[in-house]
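Below, each chain spelled out in residue letters.
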Amino acid sequence: MEQNFNLHTHTTRCHHAVGKDEQYILAAIEAGMKTIGFSEHMAYPHVEIAAERMYNRDVQEYLHTMYQLKDKYKDQIEVLVGFEIEYYDDQKDYLLKMKECCDYMIIGQHFRYFDGYNYDYFNNDEDVLMYANQIQSALELGLTRYIAHPDFFMLGRRQWTPACDKASQIIVEAAKKYHAVLEINLNGLRYGKLYYQDGLAYPYPHPEFFKHVTKDNKVCFGYDAHHPTTLLEHQRIDICLDLLKDYDFNFLEDIHEIL
């Protein structure tokens, strides 16, 4: 299967990606993509988390540079300018304001809050449900219609429990209600297979999560690129298709449906 777009792309401003902005664009062109979307990790006022997200001082430069590149390459590829956000109740107004400054947002929840409590380090059943509700709230507020790595919580767990089923149902039903796409994240493969209670498995994409996805849901692949050449690694899609071969997905064909 081929997909001619990627809406999950980072830059060096997040402090854990490499390469020039233009190198990502050129790699996307070489890969035959029609659209490349940049979704840098959102900066939040008065919050500086080293190696996790861009700093506040970089936001305007990011937007200015990306919109310049959008114009420069308009005859070769569509460049979209966005943010990967995390939802917190006390940041509603800020997130709505920033939504007006970009083409789109994606929700990629990593933190419980700005307290260093990462869902990828560890999360219990209560945390899993909080994670799901944070994603649901972002969709309810109209911030985004793209859910990045919806099964990300399995990176910080080693067993699937009924709470995981409930959280998955919350996310999948919210995606259906608000016409959001669920991402099959290709970057989870980089962790390799981990030791789960019921055997070895990739943390994400996680088959147990996708059992809850129906034909009423739209899905797409997200490279979650932190290196330009990642966009050339089409084999990642083949691996994930094989991993999820028992599922009959409804793939998103036109990204403009969710922008």
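Everything below is about the structure shown above.
Keep in mind that this is a model prediction, so the values were computed, not measured.

Visitor: I keep staring at the packing of helix α4 (residues 125-140) against helix α5 (residues 162-177) and nothing clicks. Help me out?
Guide: The geometry of a pair of packed helices is captured by two quantities: the angle between their axes and the separation between those axes. Between α4 and α5, the least distance of the axes is 9 Å, while the angle of their chain directions is 5°. When the interaxial angle is binned, α4 and α5 end up roughly parallel. In contact with D125, V128, L129, Y131, A132, N133, I135, Q136 and L139 of α4, α5 contributes A163, C164, K166, A167, I170, I171, A174 and A175. Of the residues contributing to the contact of α4 with α5, the split by class is 13 nonpolar, two polar and two charged.

Visitor: Please clarify how the pattern of salt bridges should be interpreted in this entry.
Guide: Where charged atoms from two side chains of opposite charge approach closely, those side chains can pair. Under the criterion given, the structure shown has 13 salt bridges. Note that R13 and E61 form a salt bridge whose closest N and O atoms lie 2.8 Å from each other. Here the residue R13 occupies a position in the loop between β1 (5-6) and α1 (21-30), and E61 occupies one in helix α2 (residues 59-72), the gap between them amounting to 48 residues. With relative accessibility at 9%, the residue R13 sits in the buried group. According to the relative accessible area criterion, E61 is partly exposed, its value standing at 36%. The salt bridge involving K72 is made with E22; its shortest N-O contact spans 3.0 Å. With K72 in helix α2 and E22 in helix α1, this pair connects stretches of sequence that are 50 residues apart. Overall, K72 belongs to the exposed group, its relative accessible area being 51%. Here the residues in one salt-bridge network are R13, D21 and E61, joined through shared partners.

Visitor: Help me understand the environment of L243, please; the structure alone is not making it clear to me.
Guide: Its place among the elements puts L243 in helix α7 (residues 235-243). With a relative accessible area of 27%, L243 lands in the partly exposed category. For the pair L243 and T214, spaced 29 residues apart in sequence, the C-alpha to C-alpha distance is 17 Å. Those residues in contact with L243, other than ones at most four positions away along the chain, are Y202, P205 and P207.

Visitor: How should the state of the cysteines be read in this particular structure?
Guide: Disulfide: a covalent bond connecting the sulfur atoms of a pair of cysteines. The tally for this structure, following the rule as stated, stands at zero disulfides. With no disulfide partner, C14 has as its closest neighbouring cysteine sulfur the one in C102, 17 Å distant. Counting only cysteine sulfurs, C102 is the nearest neighbor of C101, a cysteine outside any disulfide, at a range of 7.0 Å. Look at C101 and you get partly exposed, because its relative accessible area is 31%.

What counts, and at which threshold
Residues numbered from 1 in each chain as written. Predicted model: local features only at pLDDT ≥ 70, side-chain atom pairs only at ≥ 80, totals over all residues. Heavy atoms only, no water. Axes fitted to C-alpha atoms, helices over the stretch in contact; angles between N-to-C directions. Helix = DSSP H or I, 4+ residues; strand = E, 2+ residues; numbered from the N terminus. Parallel < 35°, antiparallel > 145°, perpendicular 65-115°, else oblique. Contact = heavy atoms within 4.5 Å. Nonpolar A, V, L, I, M, F, W, Y, C, P; charged D, E, K, R; others polar. Salt bridge = Lys/Arg side-chain N within 4 Å of Asp/Glu carboxyl O. Buried < 20%, exposed > 50% of the residue type's maximum accessible area, 1.4 Å probe, protein only. Disulfide = S-S within 2.5 Å.

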